[in-house]
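Chain by chain, the residues:
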Amino acid sequence: MQFFVSTPIYYINGDPHLGHAYASIAADIIARFARFDGQDVHFSTGTDEHGIKVARSAEAAHMDVQVFSDMMTMKFRNMSSKINMSYNDFVRTTEARHLASCQAFWELIQKDIYVDTYAGWYSARDEEYVQKSDVVDGKAPSGAPVEWMEEESYFFKLSSYQDKLLEWYDNNPDFILPISRRNEVINFIRGGLKDLSISRSKFTWGIPIPGSQGHVMYVWIDALTNYITSLGFPHDMARVSEMMKNAIHVVGKEILRFHAVYWPAFLMAAGIPLPKRVYAHGWWTCEGQKMSKSVGNVVDPFEIIDKYGLDQLRYFLFREVKFGEDGDFSEAALQKRISFDLANDLGNLVQRILVFIQKLGGGIEVDYDFSSSERKLFERSRTLIARMRPLMARQDLYGALNAVWELVAESNRFINDSRPWELAKRDPEKLNKVLTVLCESIRSIAFGLGPFLPDTSQKIFGFLNIEGKSFDEIEVDFKNQAFQEPFPLFPKAM
Ligand code: ME8
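What you see is a predicted model, and the numbers here were worked out from it, not measured in a lab. (Residues numbered from 1 in each chain as written. Predicted model: local features only at pLDDT ≥ 70, side-chain atom pairs only at ≥ 80, totals over all residues. Heavy atoms only, no water.)

**Describing the domain arrangement of the protein**
No. 1: Parsing the protein into structural domains produces domain 1 (2–282) and domain 2 (331–475).
No. 2: A straight line from the C-alpha centre of domain 1 to that of domain 2 covers 41 Å.
No. 3: Each partner contributes to the interface: domain 1 provides 14 residues, whereas domain 2 provides 18 residues.
No. 4: Buried area between domain 1 and domain 2, summed over both chains or domains, comes out near 1500 Å², and the portion from carbon and sulfur atoms is 66%.
No. 5: For domain 1, the biggest contributors to the area lost against domain 2 are Ile29, Phe33 and Phe36; these three give 51% of the whole.
No. 6: Counting every contact that joins domain 1 to domain 2 gives two salt bridges.
No. 7: Its salt-bridge partner being aspartate 174, residue arginine 394 comes within 3.3 Å of it at the nearest N-O pair.
No. 8: Across the contact surface, domain 1 and domain 2 share six residue pairs in polar contact (both at pLDDT 80 or more).
No. 9: Among the elements that line the side of domain 1 that touches domain 2, the one with the most residues is helix α1 (residues 18–36), at six residues.
No. 10: The class makeup of the residues in the side of domain 1 that touches domain 2 is nine nonpolar, one polar and four charged. (Domains from an automatic or database assignment. Contact = heavy atoms within 4.5 Å. Buried area = accessible area lost by both parts, 1.4 Å probe. Salt bridge = Lys/Arg side-chain N within 4 Å of Asp/Glu carboxyl O. Polar contact = N/O pair within 3.5 Å; in protein donor to acceptor, adjacent residues only side chain to side chain. Helix = DSSP H or I, 4+ residues; strand = E, 2+ residues; numbered from the N terminus. Nonpolar A, V, L, I, M, F, W, Y, C, P; charged D, E, K, R; others polar.)

Quick look at the structure:
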């Protein structure tokens, strides 16, 4: 089965920060889970390089805007590697393939485009015109300053898509998740859609509109089109259609409207299938405050990873806060999660059992003739992925990770109850069963963690001497198994 997951493409006017890393790791977890499940995954990310905001940042840095873009996009590429992101395409909106894609897309939606003049308040930071009634004290609702703009503009007949969009929402109740965000969007559409200005003529840093002098495309048309550029538009329409039907766009909640109203309308105009889902995740603050350059509290993912470790950060972000809700980052909270959940609960579980097995000679004699308590844990291990699947199908990353942690807790309880170290002398047969079931649960935990904590999971697979490539491997009974010497997974942070 085909599967497409995307991150937003990031503006390059500032350095990558925790928020960008978060969206990218979320999409990575979704992509990895689908791959373990045998799907054919396309996973795209990239940088959004055009528009007035980027042009002004380059100017402020006294740099040529293309040179500035080349420098900044590298930082985002580096972030993608730093967070172990398994993307297979990185789209830059300044690439030739994207220019061709945007221009071809424009041709496809041409029937819904007309020229008029536009005058209104524009927020450069949001790259969006703001309604007069929404401007308070010279600011947009987002708090960004607005400026007066008047220009001849191309317009997209968004107003004519109002009913079609509402019908789409009726027929596709899960198009937006989490469900709480859906009503916001529907109310916005019901409130009446105005035609959308989709060109700019006050600056040139954008994609030229075919057959027009001095107009570039509105940066959001340019940006949204990245998703189909990545799929091979306009050359490979079969793949574009197939993949879009199975697409999940992971976005921050602040850009939901662009993905859930404008993008579907553009796609309808172009005759391209709409994505399966837009998932709007929440917003991170730092120590209770909005992250901002001027406050100086922007969390740098590179620093945190160097200090605490990558899987530690990946774990924290998806364990601390329900995916879809807002969260607050603090080092104290991160340290706590590392010590309690990772070092104690998970690290000790794996370490205690596998070190014990090494002491016994490095292998186990498997015995699946379980007692009822052993069978119970065995069943829980074998069905872990089946419990995670329906959660992951709705991108409930928090619920899925929680399911892994339940198994960690159950396994720890099982150890306390069955006391394997006391069985070595007293009841070696029983010991074989206890260790068999514990190795089964460690293996299942490693698979459950695979999408979330890929390095940790690989380490555990290494200890167990298994490949760890596909969820199918969970169904395979251990044979009399030799293991590797384990090492501690998480040195304590405190
Ligand atoms: O909006 N908390 O780019 P962008 C959580 N180029 N997530 C955050 C965050 C925070 N504090 N800050 C940023 C754009 N993000 C457009 C997108 S897509 C066709 C074009 C994440 O650089 C969040 O996912 O401002 C947000 O939507 C994304 O970074 C885009 O940030």
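**Digging into the packing of helix α18 (residues 428–449) against helix α19 (residues 454–464)**
No. 1: At a minimum axis distance of 8 Å, the contact between α18 and α19 shows a crossing angle of 150°. Classified by the angle between their axes, α18 and α19 sit roughly antiparallel to one another. Handedness of the α18/α19 crossing: left-handed. Along the contact surface, α18 presents Cys439, Ile442, Arg443, Ala446, Phe447 and Leu449, while α19 presents Pro454, Ser457, Ile460, Phe461 and Leu464. (Axes fitted to C-alpha atoms, helices over the stretch in contact; angles between N-to-C directions. Parallel < 35°, antiparallel > 145°, perpendicular 65-115°, else oblique. Left-handed = near helix turned anticlockwise from the far one by under 90°.)

**Observations regarding the sheet that holds strand β16 (residues 327–329)**
No. 1: A sheet is described by the order of its strands in space; here three strands give the open sequence β15-β14-β16, paired in mixed fashion. Both outer strands of the open sheet, β15 (289–290) and β16, are each paired with one neighbouring strand and no more.
No. 2: Judged from the two bridges that link them, strand β14 (residues 284–286) and β15 form a sheet pairing that is antiparallel. Counted as the bridge partner of cysteine 286 is glutamine 289 from β15. (Pairing = 2+ DSSP bridges.)

**Overview of the site of the ligand**
No. 1: Near the ligand lie 23 residues; those nearest to it are Ile9, Asp48, Glu254, His281 and Trp284.
No. 2: Separating a nitrogen atom of the ligand from a backbone N or O atom of glycine 19 is a distance of 3.4 Å.
No. 3: Taken together, the residues of the shell around the ligand break down into 13 nonpolar, eight polar and two charged. (Near = heavy atom within 4 Å.)

**Here's the deal with the pairing of strand β5 (residues 113–123)**
Consecutive side chains along a regular strand alternate between the two faces of the sheet.
No. 1: Inspection of the sheet shows β5 paired to strand β7 (residues 147–156) by 10 bridges, in the antiparallel sense. From the neighbouring strand, glycine 120 faces β7, where its bridge partner is methionine 149.
No. 2: Sheet topology places β5 next to strand β6 (residues 128–130); three bridges connect them, and they run antiparallel. Looking at the pairing, tryptophan 121 lines up with valine 130 of β6.
No. 3: In this structure, the hairpin formed by β5 and β6 is closed by a connection of four residues, where glutamate 127 is found at a positive phi of approximately 50°.

**Some words on the pattern of salt bridges**
No. 1: What the rule picks out here adds up to 28 salt bridges.
No. 2: Close ionic contact of arginine 92 with glutamate 49 constitutes a salt bridge, the shortest N to O distance being 2.7 Å. Remark: glutamate 49 occurs in the loop between β3 (40–48) and α2 (52–60) and arginine 92 occurs in strand β4 (residues 89–92); sequence separation between them is 43 residues.
No. 3: Residue glutamate 49 is classed as buried on the basis of its relative accessible area, which comes to 0%.
No. 4: Measuring nitrogen to oxygen at the nearest pair gives 3.1 Å for the salt bridge that ties glutamate 440 to arginine 443. Here glutamate 440 pairs with arginine 443, and both are found in helix α18, just three residues apart, close to one helical turn. (Buried < 20%, exposed > 50% of the residue type's maximum accessible area, 1.4 Å probe, protein only.)

**Structural notes on the sheet that holds β5**
No. 1: The four strands lie next to each other as β6-β5-β7-β9, forming an open sheet whose pairing is antiparallel. Looking at the sheet topology across the chains shown, the edges are occupied by β6 and β9 (196–197).
No. 2: The sheet contact formed by β7 and β9 spans two bridges and is antiparallel. Considered in β9, the bridge of phenylalanine 155 is made with serine 197.

**A few points about unusual backbone geometry**
No. 1: Looking along the chain, the bond that leaves leucine 177 and enters proline 178 is cis, with omega of -5°.
No. 2: Cis peptide bonds are those with omega within 30 degrees of zero, and the linkage from phenylalanine 233 to proline 234 qualifies with 0°.
No. 3: In this structure, proline 234 sits in the loop between α8 (226–230) and α9 (237–245).
No. 4: The phi angle at glutamate 287 is positive, at roughly 45°, despite the residue not being glycine.
No. 5: Mapped onto the elements of the fold, glutamate 287 is located in the loop between β14 and β15.
No. 6: A relative accessible area of 54% means that glutamate 287 is categorised as exposed.
No. 7: Phi at asparagine 465 is positive, roughly 65°, even though this residue is not glycine.
No. 8: Inspection of the secondary structure assignment puts asparagine 465 in the loop between α19 and β18 (481–482).
No. 9: Since its relative accessible area comes to 42%, asparagine 465 is described here as partly exposed.

**Details of the side chain of threonine 229**
No. 1: Relative to the helices and strands, threonine 229 resides in helix α8.
No. 2: In this structure threonine 229 comes out as buried when scored by relative accessible area, which is 4%.
No. 3: Those residues in contact with threonine 229 that sit more than four places away from it in its chain are Val91, Arg97, His98 and Ser101.

**Points about helix α3 (residues 65–82)**
No. 1: The end-to-end C-alpha distance of α3, which contains 18 residues, comes to 26 Å, matching closely the 26 Å that a straight helix rising 1.5 Å per residue would cover.
No. 2: All of the buried residues in α3 are Val65, Phe68, Ser69, Met72, Thr73, Phe76, Met79 and Ser80. Projected down its long axis, α3 shows its buried positions confined to an angular sector of 120°, all on one face.
No. 3: The N-capping residue of α3, defined by a side-chain oxygen 3.1 Å from the backbone nitrogen of glutamine 66, is aspartate 64.
No. 4: Where α3 ends, the next residue or the one after it, asparagine 84, has phi of about 60°, a positive value. (Expected span 1.5 Å × (residues − 1). Arc of directions from axis to C-beta.)

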